[in-house]
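# Close look at the chain arrangement
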Amino acid sequence: MTDNNSGRPSRTVSRRVFAGELNDSSHTFTESDDERAPNFLLLPTGERANRVFVVGTLTETEDVGDGSEYWQGRVVDPAGDTFFVYAGQYQADAAATLRTLEPPAYVAVVGKTRTYEKDDGDINVSLRPESISVVDAGMRDRWVVETASETFSRISAFEDNESKYASMAEEHHGSDLSEYREAAIEALEAIEDGVGAAGDAEAATEPDADAGHETDATA
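Residues numbered from 1 in each chain as written. Predicted model: local features only at pLDDT ≥ 70, side-chain atom pairs only at ≥ 80, totals over all residues. Heavy atoms only, no water.

### Remarks on the environment of Val52
Mapped onto the fold, Val52 is located in strand E5 (residues 51-63). A relative accessible area of 0% places Val52 in the buried class. Through-space distance from the C-alpha of Val52 to that of Ser14 is 4.4 Å; in sequence the pair is 38 residues apart. If we skip the residues at most four places from it in the chain, Val52 touches Ser14, Arg15, Val17, Leu22, Val109, Val110, Gly111, Thr113 and Leu127. (Helix = DSSP H or I, 4+ residues; strand = E, 2+ residues; numbered from the N terminus. Buried < 20%, exposed > 50% of the residue type's maximum accessible area, 1.4 Å probe, protein only. Contact = heavy atoms within 4.5 Å.)

Next up, the structure:
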């Protein structure tokens, strides 16, 4: 996909997805032999994602770099699942935000999906942020409503065989999408109940929430 005026690859659509589904997305693929072709993450609900737009509570930041700054941020959605965000020297603005921002805080993140294979073969998914912005609870709530709507739409298209990537998703992730529907419902119920930063932060402290995640500054 290219920009017709410049010949450069154009920006792909930013998908809205809850953390639980994103973290389950272990398969990546490209649709072109062009060396500049985007690398897509296959969502279990039958859609591709190269860039995502997420909003949640930043509950923790840490410099995990070895020799140079490489910041990890944990961003928790209202369902209690965690997006892992990593920013280093090539994401200077995002890294500066993670360095200076005091958790907990609501943040919006636009970033590229990235996969990391652990020694045991399991796949971790993280985000390489293009931008991180502080937002308010109203923005977080609107994101939840929009993301739930997109999730339900993807599930419906999958179940009705209307998704281009449904068969690929079923092959790699199976056909049971109930947990993603339930996560969307849980997130909607959480904002209806007024769950805020404190509630999200509590969810983020569940044991092993980030077990085995990357800490290599060169990743």
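Having seen it, we continue.
### Re helix H5 (residues 178-192)
With 15 residues, H5 extends 21 Å between its outermost C-alpha atoms, agreeing within 8% with the 21 Å of an ideal straight helix rising 1.5 Å per residue. Listing the buried residues of H5 in full gives Tyr180, Ala183, Ala184, Ala187, Ala190 and Ile191. The buried residues of H5 all sit within an arc of 125° when viewed along its axis, so they share a single face. Exposed residues on H5 whose side chains face more than 90 degrees from its buried face are Glu182 and Glu192. Against helix H1 (19-23) and helix H3 (137-159) lie the buried residues of H5. (Expected span 1.5 Å × (residues − 1). Arc of directions from axis to C-beta.)

### Remarks on a negative patch on the surface
Judged by side-chain charge, Asp24, Asp176, Glu179, Glu182, Glu186, Glu189, Glu192 and Asp193 come together as a negatively charged surface patch. As for its placement among the helices and strands, Glu179 is situated in helix H5. (Patch = residues over 30% accessible without salt bridge, like charges linked within 9 Å, V, L, I, M, F, W, Y side chains within 5 Å. Areas by Shrake-Rupley, 256 points an atom, 1.4 Å probe, with all protein chains shown as cover. Salt bridge = Lys/Arg side-chain N within 4 Å of Asp/Glu carboxyl O. Lys, Arg positive; Asp, Glu negative; His and termini not counted. Charge placed at Lys NZ, Arg CZ, Asp CG, Glu CD.)

### Considering the pairing of strand E7 (residues 82-87)
Burial of E7 is extensive: six of the six residues sit out of reach of the surface. Of the two faces of E7, both are covered, the one formed by Thr82, Phe84 and Tyr86 as well as the one formed by Phe83, Val85 and Ala87. Adjacent in sequence and paired antiparallel, strand E6 (residues 71-76) and E7 are bridged by five residues, among which Gly80 carries a positive phi angle near 95°. (Pairing = 2+ DSSP bridges.)

### Regarding the packing of H3 against H5
Packed helices, taken two at a time, are described by the angle their axes make and the gap between the axes. Relative to each other, H3 and H5 sit at 160°, their axes nearing to 9 Å. Viewed along their axes, H3 and H5 adopt a mutual orientation that is roughly antiparallel. As H3 runs across H5, the sense of the crossing is left-handed. Residue-level inspection shows Arg140, Asp141, Val144, Val145, Ala148, Thr151, Phe152, Ile155 and Glu159 of H3 in contact with H5, the latter providing Tyr180, Arg181, Ala184, Ile185, Ala187, Leu188 and Ile191. Tallied by class, the residues present in the contact of H3 with H5 amount to eleven nonpolar, one polar and four charged. (Axes fitted to C-alpha atoms, helices over the stretch in contact; angles between N-to-C directions. Parallel < 35°, antiparallel > 145°, perpendicular 65-115°, else oblique. Left-handed = near helix turned anticlockwise from the far one by under 90°. Nonpolar A, V, L, I, M, F, W, Y, C, P; charged D, E, K, R; others polar.)

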